[in-house]
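Examination of the molecular architecture
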Amino acid sequence: MATQCYDPENSASHYTFLPDQPDSGHRKSLKIFSGIFLSVFLLLSVAFFPILNNQSPDLRIDSRSPAPPSRGVSQGVSDKTFRDVAGASHVSYAWSNAMLSWQRTAYHFQPQKNWMNDPNGPLYHKGWYHLFYQYNPDSAIWGNITWGHAVSKDLIHWLYLPFAMVPDQWYDINGVWTGSATILPDGQIMMLYTGDTDDYVQVQNLAYPANLSDPLLLDWVKYKGNPVLVPPPGIGVKDFRDPTTAWTGPQNGQWLLTIGSKIGKTGIALVYETSNFTSFKLLDGVLHAVPGTGMWECVDFYPVSTKKTNGLDTSYNGPGVKHVLKASLDDNKQDHYAIGTYDLTKNKWTPDNPEFDCGIGLRLDYGKYYASKTFYDPKKQRRVLWGWIGETDSESADLQKGWASVQSIPRTVLYDKKTGTHLLQWPVEEIESLRVGDPIVKQVDLQPGSIELLRVDSAAELDIEVSFEVDKVALQGIIEADHVGFSCSTSGGAASRGILGPFGVIVIADQTLSELTPVYFYISKGADGRAETHFCADQTRSSEAPGVGKQVYGSSVPVLDGEKHSMRLLVDHSIVESFAQGGRTVIASRIYPTKAANGAARLFVFNNATGASVTASVKIWSLDSANIRSLPLQDL
């Protein structure tokens, strides 16, 4: 079955991305021919493109250069250079300035220019939300790490502020790395952060606001007695970083916090106690350890309510409370979490389900997402989650466009009382203030192998809510569906058809579907007749450019009796954040289209199953841009 082009006037066009059973020899010969043709075409385009378009030749010619060096590994942090699965991240594509400009997001937070990574020390103070972040003021690649600083009234519109901290002391001269804020009962703010010393040793340092009465917290003071913590015996000097927000201990005036590390290949969370944040004692044992998970970075630890629907302050404990332990795994660059029980007296955390232990079970996000951090928002009594969403293109492209990385849309975090096993992550409600006008509301009946265009003014900035109802007769009547043991990452993407899937939404596609990013459900059934639903994002055809990430992301997601298959997608140019079943499973994707950009992006719903029809109920909002800017301080 050959690939078909989409006819925009024919809503019943068949959905056949790729051959169901591709002929590897035929495809190989096609690839060789295509490569020769492309080479000739590029040589001709180099000669004639600037003349035909009457513009300056701002394109980089396809070339292969030495792979970029590791960024950060020699200093003892995870590699900040994207390397795709084919190892081709050093292949540069002929990006035009218009393409690169289109990639910049409209409502996700990112600096005006240069490199950004981990969110640091988020907090709420005197009417302002504060976000600090890892930043390189000199380049679009990692290095010279400084604390950027921005404030917001609503977590959507942001003002850039002067740097909070720069690497200017022996204990942080090689980087002011990740840290967390603790707000004391008297309102004092204690900011603990990791510094990389002049000898490349990871130490923990204390900083605090120079003037608490300043709502913008413009000036920060580094404690004169820094560092306040150095690696303890048995811990490597490059394996000791990222202190958490502290919580109150069982004794009056006692505070506890945890720091990530490893022993051999076992990831661990060390716990320290303090009464003044300048002197600390390492407690016996560890909060938790998981063999085989490697170095734990950016550990997060916080309570969630099993009864209420609001977030909890970090120190909250007692009946009706579970504790979440989250670690960013240096070995695979993934954020894992687990839900369990915390014994404050014994200083031990135990997972509810050992099979879902931290590092081997659930992930916060199954896409490009790392180094996340939560904070408690006292204004709205919620726990808010930030995450770093890095690039999956080449360093040369980042240098050409002048920036790299965005922060996720802030997400509220709640315990999923229905499953008892998952967290629910959902975009903060303030994102809805960007919705423009009334939504497009439509119900679409999708027969097997069908696709339908959804007409919107601009498909690059959208908030999409879709629920799918699968034909009950087909769903219940099929005892065993194919693709038992299905996995998003190894499935071959949305072109891999089964009896009960895939079905979903296609975002940032061009009109002919030569570039497209499907986000979809896939239902598999075993011999016992039990259905398992998977939620996937397929980037294999998101771009015709080489050297960019083209994985299929995703995981299984619980769909309970009586629930429809539902998803919400936030589309913002080069980033798509996808939430399934109210946020039980989340996927962040970075995409770099060459055709489906600059007004050419299209939106579709589809059903590529072979044996079941699907009804899609759709709501689509166009989103306005957020106001993210600098402002003279006298105007604040």
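Numbers given for residues are sequential positions, taken from 1 along each chain in its written order. For this predicted model, a pLDDT threshold of at least 70 governs which residues receive local features, and a threshold of 80 or more governs which side-chain atom pairs are given and counted, while totals over whole chains, interfaces and linings are taken from all residues. To obtain the side-chain values, all non-hydrogen atoms of the structure were included, while hydrogens and water were left out.

1. Brief notes about the overall build of the protein
When helices and strands are tallied, the protein shows four helices and 39 strands. Each residue is placed in one exposure class: buried if its accessible area under a 1.4 Å probe, protein chains only, is under 20% of its type's maximum, exposed if it is over 50%, and partly exposed if it falls in between. For the protein, with 636 residues in total, the buried portion stands at 58%. Any two residues having at least one pair of non-hydrogen atoms within 4.5 Å are treated as being in contact. Restricting to contacts in the protein with at least 6 residues of sequence separation, those with at least 24 account for 64%. Surface accessibility follows the Shrake-Rupley procedure with a 1.4 Å probe radius. Residue values consider only the protein chains on display as shielding. Counting only carbon and sulfur atoms, one obtains 53% of the accessible surface of the protein, whose full area is about 25000 Å². The secondary structure listing takes helices from DSSP runs of H or I that are at least 4 residues long and strands from runs of E that are at least 2 residues long, numbered from the N terminus.

2. Here's the deal with the pairing of strand β8 (residues 189-196)
It is a general feature of regular strands that their side chains alternate between the two faces of the sheet. Burial analysis of β8 places eight of its eight residues in the buried class, which makes it a mostly covered element. Every second residue of β8 is oriented toward a common face, with Ile189, Met191, Tyr193 and Gly195 on one face and Met190, Leu192, Thr194 and Asp196 on the other, all of them buried. In this description, strands pair whenever DSSP reports at least two bridges between them. Alignment of strand β7 (residues 176-183) against β8, held across six bridges, turns out to be antiparallel. In the sheet register, Val176 faces β8, and the bridge partner there is Gly195. Where β7 folds back onto β8 in an antiparallel hairpin, the turn is made up of five residues, including Gly187, whose phi is positive at roughly 95°. Direction of pairing for β8 relative to strand β9 (residues 202-209): antiparallel, over a ladder of six bridges. Counted as the bridge partner of Gly195 is Val203 from β9.

3. A few points about empty space enclosed by the protein
Where empty space is left in the structure can be found by rolling a water-sized probe over the atoms. In the cavity and pocket records, a cavity denotes points on a 1 Å grid over the protein atoms alone where a 1.4 Å probe fits but cannot get out, a pocket denotes an open set with protein on both sides within 12 Å along at least 5 of 7 lines, and lining residues are residues with an atom within 4 Å of a point. Grid points are joined across faces, edges and corners, and a volume is the space filled by probe spheres set on the points. Under the counting rule described, the total for this entry stands at five cavities of 30 Å³ or more. In this structure, the largest cavity occupies an estimated 110 Å³ of space. In terms of lining residues, the largest cavity is bounded by 14 residues, among which Val77, Lys80, Asp118, Thr178 and Glu297 are the most central. Of all the secondary structure elements, the ones that give two or more residues to the lining of the largest cavity are β3 (114-125), β7 and β16 (296-305).

4. Topic: the layout of surface pockets
There is about 860 Å³ of room inside the second largest pocket. If you trace the second largest pocket, you find 38 residues lining it, with Ala531, Thr533, Pro558, Val559 and Leu560 closest to the centre. When contributions to the lining of the second largest pocket are tallied by element, the ones reaching two or more residues are β18 (334-343), β20 (362-363), β29 (461-470), α4 (472-477), β31 (517-525), β32 (531-538) and β33 (552-556). Side-chain classes are defined by residue name, with Ala, Val, Leu, Ile, Met, Phe, Trp, Tyr, Cys and Pro counting as nonpolar, Asp, Glu, Lys and Arg as charged, and the others, Gly among them, as polar. Per-class residue counts for the lining of the second largest pocket are 14 nonpolar, 14 polar and 10 charged.

5. Things to note about the packing of aromatic side chains
Each aromatic ring pair is characterised by the separation of its centres together with the angle its planes make. Geometry of aromatic contacts follows a simple scheme: Phe, Tyr and Trp rings, the Trp one being its six-membered ring, pair when their centres are within 6.5 Å, and the pair is stacked under 30 degrees between planes, edge-to-face over 60, tilted otherwise. Enumeration according to the criterion identifies 27 aromatic pairs in this entry. Seen from their ring centres, Phe240 and Tyr272 are 6.3 Å apart, and the 65° between their planes marks the pair as edge-to-face. Here the residue Phe240 occupies a position in the loop between β10 (220-222) and β11 (247-248), and Tyr272 occupies one in strand β13 (residues 266-274), the gap between them amounting to 32 residues. The two residues Phe240 and Tyr272 agree in class, both being buried. Through a chain of ring-to-ring contacts, three or more aromatic side chains come together here, namely Phe109, Tyr133, Tyr135, Trp158, Tyr160, Phe163 and Trp386. The rule is short: NZ of Lys or CZ of Arg within 6 Å of the ring centre and within 35 degrees of the ring normal puts a charge over the ring. The side chain of Arg104 reaches across the aromatic face of Trp403, ending 5.6 Å from its centre. Here the guanidinium or amino end of Lys153 rests over the ring plane of Trp128, the centre of that ring lying 4.5 Å away.

6. As for the pattern of salt bridges
For salt bridges, the criterion is a side-chain nitrogen of Lys or Arg within 4 Å of an Asp or Glu carboxyl oxygen. This model, assessed by the stated rule, comprises 31 salt bridges. Across the pair Asp330 and Arg241 runs a salt bridge, and its minimum N-O distance is 3.3 Å. Highlighted residues: Asp330 in the loop between β17 (321-329) and β18 and Arg241 in the loop between β10 and β11, separated in sequence by 89 residues. Exposure remark for Asp330: the relative accessible area of 15% places this residue in the buried category. Look at Arg241 and you get buried, because its relative accessible area is 1%. Each of Asp377, Lys380, Arg382, Glu429 and Glu430 takes part in salt bridges that share partners, so that together they form one network.

7. Let's talk about the side chain of Asp393
By the element assignment, Asp393 lies in the loop between β22 (382-389) and α3 (395-401). We classify Asp393 as buried; its relative accessible area is 3%. Under this definition, polar contacts are N or O atom pairs within 3.5 Å; protein pairs additionally need one hydrogen-donor-capable and one acceptor-capable atom, and for neighbouring residues in sequence, both atoms have to be side-chain atoms. Looking at Asp393, its side chain comes within polar contact range of the side chain of Lys401, at 3.2 Å. In this view, Asp393 contacts Phe82, Gln103, Asp398, Lys401, Gly547, Val548 and Tyr592; residues no more than four positions away in its chain are not counted.

Fair warning: the whole summary comes from geometry, so function is off the table for now.
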